[in-house]
Amino acid sequence: MWETIVRIFAPENILFMLRGMRISIVVAVCATVMGILLGIVGAVCKMSRSKALRVLGNVYVEFIRGTPMLLQLSFFYLGIPMLYQMITGKYLEVNPLFMGILAIGINSGAYSCELIRSSINAIDKGQWEAGMSIGLTRSKILKKIILPQSFKRIIPPLTSEFITLIKDSSLVSTIGVVDLMKSSNILGARYYNYFFPMIGAALIYLVLTLTISKFTGQLERKLAESD
Amino acid sequence: MINIEHVYKKFPGVVALDDVSIRIKKNEIVCLIGPSGSGKSTLLRSINGLEAIDQGKIYFDDELINADNEEQMCRIRTKMGFVFQHFNLFPHLTVMQNLTLGPTEVLGMSEEDAKKEGLRLLERVGLKDKADQYVNKLSGGQKQRVAIVRALCMKPEVMLFDEPTSALDPEMVKEVLDVMRGLAEENMTMVIVTHEMNFAKEVASRIVFMDGGKIVEENTPEEFFREPKEERTKLFLSKVL
């Protein structure tokens, strides 16, 4: 058994897994950033005075949260090129990494939207009224008064969203992206032993998530200090 | 200056304003008094468009107010200072930033001029040394004085006060009332919702007593406190004085 372990965790294989880890991080970071941007747009839509925008925001959030992420991912990788082909008759080659980030980012946006919205709603109504009383428009109140205050409350839940995405990014392994999950699968197939590569991948995921949550804890304490 | 005609406002289950009409002239100081839930605050908030009324008309300088018209409300609100019971200062900003936000963002004043004006007014309320502190470090009385200055920085034509001392510890009431006395001496037009009867008696040019969403009685302070006409007023005064 020891021999198997040594063979599987040879330096070049560890490097292979670390390259997979890098892809996992890229997917998680890009999807989180995209999710935050979409989340802000979604939150503004859901809180808008226009009914059409509110409906749009609701449909987005409910649709994404009500369907599996794996399905959304496959839809982007397989469904959209198919749709393109059906409409234009031409074959569309898509980059699995790009489509993976897009799908996970859109998925994360729906969750971030709710986080952002609830942190905006948690700001005292008096802050809106005070802004109105000095003649600020709604959008200026949002920008100058409400968002700066909700930013602080939003950081901790968004970092846990990031941790979730580090883990959920493993779904891109199903569409051919060689992330950490996929790299452990490849090693497993190569050495006819899935056990150790999976343990290895699990440990790397664990190091990533624990590091981030430790960092989050420190950040939270810092934010609490300035209250 | 402010003309209120037959205003109705309903909240779920209560009629907050029931056919209220009142005129407020320039340089007048009107104190709205009455029991809790009588509609005084709702009336004050309606003037500033913070509550949309169901029926009736409110004019400011002969312009009909529509609380749903954002462009109009923003313009009119710059002429009306509003002071809240719970101060509603912006906690993420320093005292000075609280003061300059309106003038720079709304009036288009330069940062420098806004600061100069802010400092001048802060000095008047005795808080010049607090300019660069965050507002959460201030006491209640100091917060309310800053809130009054924030409203004054917009150079309003009228100041609306919604129970400005109700959330304060008793020993801090005077410092806020003194600032308001100062404004009264400068002939600032003011509408004040208050439970401070002695203060009302001292500064008001007119007392308006409300109950159950209606104006029960209005009179000069001398008459109002010496010989109230309505039974309801007498009952109220006998309890609070």
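Criteria and thresholds
- Residues numbered from 1 in each chain as written.
- Chains lettered and ligands numbered in written order.
- Predicted model: local features only at pLDDT ≥ 70, side-chain atom pairs only at ≥ 80, totals over all residues.
- Heavy atoms only, no water.
- Helix = DSSP H or I, 4+ residues; strand = E, 2+ residues; numbered from the N terminus.
- Buried < 20%, exposed > 50% of the residue type's maximum accessible area, 1.4 Å probe, protein only.
- Patch = residues over 30% accessible without salt bridge, like charges linked within 9 Å, V, L, I, M, F, W, Y side chains within 5 Å.
- Areas by Shrake-Rupley, 256 points an atom, 1.4 Å probe, with all protein chains shown as cover.
- Salt bridge = Lys/Arg side-chain N within 4 Å of Asp/Glu carboxyl O.
- Lys, Arg positive; Asp, Glu negative; His and termini not counted.
- Polar contact = N/O pair within 3.5 Å; in protein donor to acceptor, adjacent residues only side chain to side chain.
- Contact = heavy atoms within 4.5 Å.
- Buried area = accessible area lost by both parts, 1.4 Å probe.
- Pairing = 2+ DSSP bridges.
- Core = buried A, V, L, I, M, F, W, Y, C linked by side-chain atoms within 4.5 Å.
- Expected span 1.5 Å × (residues − 1).
- Arc of directions from axis to C-beta.
- Phe/Tyr/Trp six-rings, centres within 6.5 Å; stacked < 30°, edge-to-face > 60°.
- Lys NZ or Arg CZ within 6 Å of the ring centre and 35° of its normal.
- Axes fitted to C-alpha atoms, helices over the stretch in contact; angles between N-to-C directions.
- Parallel < 35°, antiparallel > 145°, perpendicular 65-115°, else oblique.
- Left-handed = near helix turned anticlockwise from the far one by under 90°.
- Nonpolar A, V, L, I, M, F, W, Y, C, P; charged D, E, K, R; others polar.
- pLDDT = per-residue confidence, 0-100.

Participant: Describe unusual backbone geometry, with residues and values.
Facilitator: Trans is the common state for peptide bonds, and a negative phi is the common state for residues other than glycine. Residue and element names in this part refer to chain B. The backbone of asparagine 27 sits at a positive phi, close to 65°, despite the residue not being glycine. Residue position: asparagine 27 is located in the loop between strand E2 (14-24) and strand E3 (29-33). On the basis of relative accessible area, asparagine 27 is assigned to the partly exposed category, the value being 44%. The phi angle at glutamate 163 is positive, at roughly 45°, despite the residue not being glycine. Considering the arrangement of structural elements, one finds glutamate 163 in the loop between strand E7 (158-162) and helix H6 (170-185).

Participant: Help me get a handle on a nonpolar patch on the surface, residues and values and all.
Facilitator: Residues and elements named next belong to chain A. Nonpolar side chains collect at one region of the surface, where Phe195, Ile199, Leu203, Leu206 and Leu210 lie side by side and expose about 500 Å² of accessible area between them. Summarising the element assignment, leucine 210 is placed in helix H9 (residues 195-225). You can call leucine 210 exposed: its relative accessible area is 51%.

Participant: So what's going on with the side chain of B:Arg150? Residues and values would help.
Facilitator: Mapped onto the elements, B:Arg150 comes out in helix H5 (residues 140-152). Although buried, B:Arg150 forms no salt bridge, and the nearest oppositely charged side chain, A:Glu129, lies 9.6 Å from it. Separated by 3.3 Å, the side chain of B:Arg150 and the backbone oxygen of B:Phe87 make a polar contact. Contact partners of B:Arg150, with chain neighbours within four places excluded, come to A:Ala130, A:Ile134, B:Phe87, B:Asn88, B:Leu89, B:Phe90, B:Asn98 and B:Leu99.

Participant: Summarise the interface of chain A and chain B; cite the residues concerned and give the values.
Facilitator: Contacts between chain A and chain B engage 20 residues on the former and 21 residues on the latter. Together, the buried faces of chain A and chain B total about 1800 Å²; carbon and sulfur atoms form 59% of this surface. Considering only the surface of chain A that becomes buried against chain B, A:Glu129, A:Ser133 and A:Ile134 emerge as the three largest contributors, covering 32% of it. In this assembly, chain A and chain B are joined by four salt bridges. Where chain A packs against chain B, one counts nine residue pairs in polar contact (both at pLDDT 80 or more). Elements represented by at least two residues in the side of chain A that touches chain B include exactly helix H6 (125-133) and helix H7 (138-168) of chain A.

Participant: Give me the pairing of strand E6 (residues 80-83) of chain B: which residues, what numbers.
Facilitator: Residue and element names in this part refer to chain B. Side-chain alternation along E6 places Met80 and Phe82 on one buried face and Gly81 and Val83 on a second face that is also buried. As paired elements, E6 and E7 share four bridges and run parallel to each other. Its bridge partner lying in E7, methionine 80 is registered against valine 158.

Participant: Provide a residue-level description of the nonpolar core, including the pertinent values.
Facilitator: Membership of the largest hydrophobic core comes to 50 residues, with the highest contact counts inside it found for A:Ile146, B:Ile4, B:Leu32, B:Met80 and B:Leu160. B:Leu160 has contacts with B:Leu44, B:Ile47, B:Asn48, B:Met80, B:Gly81, B:Phe82, B:Val83 and B:Val191, leaving out every residue within four places of it along the chain. Membership of the second largest hydrophobic core comes to 48 residues, among which are B:Met96, B:Val135, B:Leu168 and B:Met172.

Participant: Explain H6(B) residue by residue, including any values.
Facilitator: Since the α-helix advances by 3.6 residues per turn, residues separated by three or four positions end up pointing in the same direction. Residues and elements named next belong to chain B. Relative to the 22 Å expected for 16 residues at 1.5 Å per residue, H6 spans 24 Å between its end C-alpha atoms, a close match to the ideal helical length. Among all positions of H6, only Met172, Val173, Val176, Leu177, Val179, Met180, Leu183 and Ala184 are buried. Projected onto a plane normal to the axis of H6, the buried residues spread over an arc of 150° and lie on a single side. Residues of H6 that are exposed and point more than 90 degrees away from the buried face comprise Glu171, Lys174 and Glu185. Tucked into the core, H6 has its buried residues touching E3, helix H4 (111-124), H5, E7, strand E8 (189-193) and helix H7 (197-203). In the stretch just after H6, asparagine 187 is the one whose phi turns positive, near 65°.

Participant: Which residues make up the packing of aromatic side chains, and what values go with them?
Facilitator: Under the counting rule described, the total for this entry stands at six aromatic pairs over all chains. When the centroid spacing of 4.7 Å and the interplanar angle of 45° are considered together, the rings of B:Phe82 and B:Phe84 count as tilted. Residue class for B:Phe82 comes out buried when judged on its relative accessible area of 2%. The rings of B:Phe209, B:Phe224, B:Phe225 and B:Phe236 are connected pair by pair, giving a single aromatic cluster. When the ring centre of A:Phe16 is taken as reference, the NZ or CZ atom of A:Arg190 above it lies at 5.8 Å. Over the ring of B:Phe90 we find B:Arg150, and its NZ or CZ is 4.6 Å from the ring centre.

Participant: Quick one: what's the story with the packing of H5(B) against H6(B), residue by residue and with numbers?
Facilitator: When two helices pack together, you describe them by how their axes are tilted relative to each other and by the distance separating the axes. Residues and elements named next belong to chain B. It is at 8 Å that the axes of H5 and H6 come closest, and there the two elements cross at 20°. Comparing their axes, H6 and H5 come out roughly parallel. In this structure, the crossing between H5 and H6 has a hand that is right-handed. For the pair H5 and H6, contact is made by Gly140, Gly141, Gln142, Gln144, Arg145, Ile148 and Leu152 and by Met172, Glu175, Val176, Val179, Met180 and Leu183, respectively. Its residues assigned to classes, the contact of H5 with H6 comprises seven nonpolar, four polar and two charged.

Participant: I'd like a rundown of the sheet that holds strand E4 (residues 55-60) of chain B, residues and numbers included.
Facilitator: Residues and elements named next belong to chain B. A sheet is described by the order of its strands in space; here four strands give the open sequence E2-E1-E4-E5, paired in antiparallel fashion. This sheet does not close on itself; its edge strands, each paired only once, are E2 and strand E5 (63-64). Looking at chain direction, strand E1 (residues 2-11) and E4 are connected through five bridges and run antiparallel. Residue pairing for E4: isoleucine 2 is matched across the bridge by phenylalanine 60.

Participant: Give me the confidence of the model for chain B: which residues, what numbers.
Facilitator: Residues with a pLDDT of 70 or more make up 100% of chain B, whose mean pLDDT is 93. Across the predicted assembly, pTM comes out at 0.80 and ipTM at 0.91.

Participant: Give a detailed account of the side chain of B:Thr165, specifying residues and quantitative values.
Facilitator: Residue and element names in this part refer to chain B. By secondary structure assignment, the location of threonine 165 is in the loop between E7 and H6. Classification of threonine 165 by relative accessible area gives buried; the value is 6%. Residues in contact with threonine 165, not counting those within four places in the same chain, are Val173, Val176, Leu177 and Glu196.

Participant: Before we move on, could you go through the pattern of salt bridges and cite the residues and values that matter?
Facilitator: One pass over the structure, following the stated rule, counts 25 salt bridges over all chains. We note a salt bridge from A:Arg49 to B:Glu70, for which the minimum N-O separation is 3.4 Å. Highlighted residues: A:Arg49 in the loop between helix H2 (11-46) and helix H3 (51-65) and B:Glu70 in helix H2 (residues 70-77), drawn from two different chains. Notably, a salt bridge pairs B:Glu123 with B:Lys128, separated by 4.0 Å at the nearest N-O pair. Among the charged side chains, a network of salt bridges with common partners joins A:Lys125, A:Glu129, B:Arg45 and B:Glu51.

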